[in-house]
Amino acid sequence: MKDMKSNFGLFLLVFLFSVSALMAQDRKRIWNIPKLDKKPYHFGFQVGLTNDGLNLKFNDKISETNILTAETVKSSGFNVGFIADLRLNKHFNLRFTPSLILVNRSIEYRTLETSNIPGLPPTSIETLTKLDEAALGHIPFTLKFRAMRRGNFRPYIFSGSHMTIDMSSDEKVEEVEVLNLKPLDFGLHFGMGVDLYLEFFKLGIEAKYVYGLTDLKVDNGTPYYDIFDNVKTRGLHLILTFE
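Residues numbered from 1 in each chain as written. Predicted model: local features only at pLDDT ≥ 70, side-chain atom pairs only at ≥ 80, totals over all residues. Heavy atoms only, no water.

Draft legend 1. Up close: the overall build of the protein chain. In terms of regular secondary structure, the protein chain is built from two helices and ten strands. N-terminal to C-terminal, the α/β element order of the protein chain is α-β-β-β-β-β-β-β-β-β-α-β. Taken across its 243 residues, the protein chain has 42% of its residues classed as buried. Taking contacts inside the protein chain between residues at least 6 apart in sequence as the whole, the part at least 24 apart equals 72%. Carbon and sulfur atoms provide 63% of the accessible area of the protein chain, an area that totals close to 13,400 Å². (Helix = DSSP H or I, 4+ residues; strand = E, 2+ residues; numbered from the N terminus. Buried < 20%, exposed > 50% of the residue type's maximum accessible area, 1.4 Å probe, protein only. Contact = heavy atoms within 4.5 Å. Areas by Shrake-Rupley, 256 points an atom, 1.4 Å probe, with all protein chains shown as cover.)

See below:
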């Protein structure tokens, strides 16, 4: 949670700095790069921060195991990618924004362990964290709706679908600390942002919510996975675009 607050603070600082610069220009009635939005297509790049986790749906089998609780641990990551933008009309754009996401996803288990060793308590609570150090190839197609431009500001909303490939995934790793997940995920995303027209380029600041549809649970016969009906991705991405 502290990492996410610091991430929001960084994005807010960039946003306020950009707005202040543009307000000073708008007082002089300067419209930056006025022809950019009329181009049939253009390119750019993006960088951002992610806060990804897993949505866990439990079944009744947890009562048959020594597992007391299982909780997903959200982790901040890094996102860098490419932008290809196709203008459909004055309000709608179709965007292809493939990116690489580096993030750690994990589940923390608390288990009740028994011991027959003299001198030790008969039962104790142990903690086990299963970690997936993921390198995700994120491949989204997005429809972007832009409001009318006001000076050097233009707010927008967007939604679309995506495919994500975990290029570091191995479902069959048997190390107890490794979190086994299926490598291929499909999902939906939506969000909102604002384009800020600077002197030489357009800066976009956006927040995107990622909603995974694929069950990533691996059926390997161990209680660590049998207690789940399904495991799906959820995430919040804070992104800066440069076009």
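Now, onward.
Draft legend 2. Layout of the nonpolar core. Core analysis: the largest hydrophobic core is formed by 13 residues, its most contacted members being L54, I107, Y109 and F228. Those elements that provide at least two residues to this core are β1 (41-58), β2 (67-73), β5 (99-114) and β10 (228-242). Those residues in contact with F228 that lie beyond four places of it in its chain are L56, K57, F58, N59, A70, I107, Y109 and K217. In terms of nonpolar packing, the next biggest core, distinct from the first, is built from six residues, L196, L198, L203 and L240 among them. (Core = buried A, V, L, I, M, F, W, Y, C linked by side-chain atoms within 4.5 Å.)

Draft legend 3. The environment of F43, seen in detail. Tracing the backbone through its elements, the reader meets F43 in strand β1. If we ignore the near neighbours within four places in the chain, the residues touching F43 are F82, I83, A84 and E243.

Draft legend 4. Fine view of the pattern of salt bridges. A full pass over the atoms with the stated rule returns ten salt bridges. Residues R95 and E243 are paired through a salt bridge, measuring 3.2 Å at the closest nitrogen-oxygen approach. Residue R95 is found in strand β4 (residues 92-96), and its partner E243 is found in the segment after β10; the two are separated by 148 residues along the sequence. Comparing R95 with E243 shows no difference in burial state: the two are buried. With its nearest N and O atoms 2.9 Å apart, the salt bridge here joins D132 to R105. With a gap of 27 residues between them, D132 in strand β6 (residues 123-146) and R105 in strand β5 connect regions that are remote in the sequence. Classification of D132 as buried rests on a relative accessible area of 6%. Assessed through its relative accessible area of 5%, R105 is described here as buried. (Salt bridge = Lys/Arg side-chain N within 4 Å of Asp/Glu carboxyl O.)

Draft legend 5. The arrangement of the pairing of β1 in detail. With twelve bridges joining them, β1 and strand β3 (residues 75-87) adopt antiparallel strand pairing. Within β3, the position partnered with V47 by the bridge is V80. Summarising the sheet, β1 and β10 pair through 14 bridges and their orientation is antiparallel. Within β10, the residue paired with V47 across the bridge is L240. (Pairing = 2+ DSSP bridges.)

Draft legend 6. How the structure looks around the pairing of β3. Pairing between β3 and β5: four bridges, direction antiparallel. Residue N79 lies in a different strand from β5, and its bridge partner there is I101. By the bridge criterion, four bridges tie β3 to β4 in an arrangement that is antiparallel. When the bridges of β4 are listed, A84 appears paired with F96. Between β3 and β4, which pair antiparallel in sequence order, lie four residues.

Draft legend 7. Highlighting the packing of aromatic side chains. Scanning the model with the defined rule gives eleven aromatic pairs in all. Ring centres of F45 and F242 lie 4.9 Å apart, and the angle between their planes is 15 degrees; this geometry places the pair in the stacked category. Within this pair, whereas F45 is found in strand β1, its partner F242 is found in strand β10, the two being separated by 197 residues in sequence. Given a relative accessible area of 22%, F242 falls into the partly exposed group. Measuring from ring centre to ring centre gives 6.1 Å for Y156 and F158, while their planes differ by 40 degrees; the resulting arrangement is tilted. F158 carries the same exposure label as Y156, and that label is buried. An aromatic cluster of at least three residues, connected via ring pairs, comprises F58, Y109, Y224 and F228. We note K130 situated over the ring of Y224; from NZ or CZ to the ring centre the distance is 4.9 Å. The side chain of R149 reaches across the aromatic face of Y197, ending 3.7 Å from its centre. (Phe/Tyr/Trp six-rings, centres within 6.5 Å; stacked < 30°, edge-to-face > 60°. Lys NZ or Arg CZ within 6 Å of the ring centre and 35° of its normal.)

Take it as geometry only, folks, not as evidence of what the structure does.
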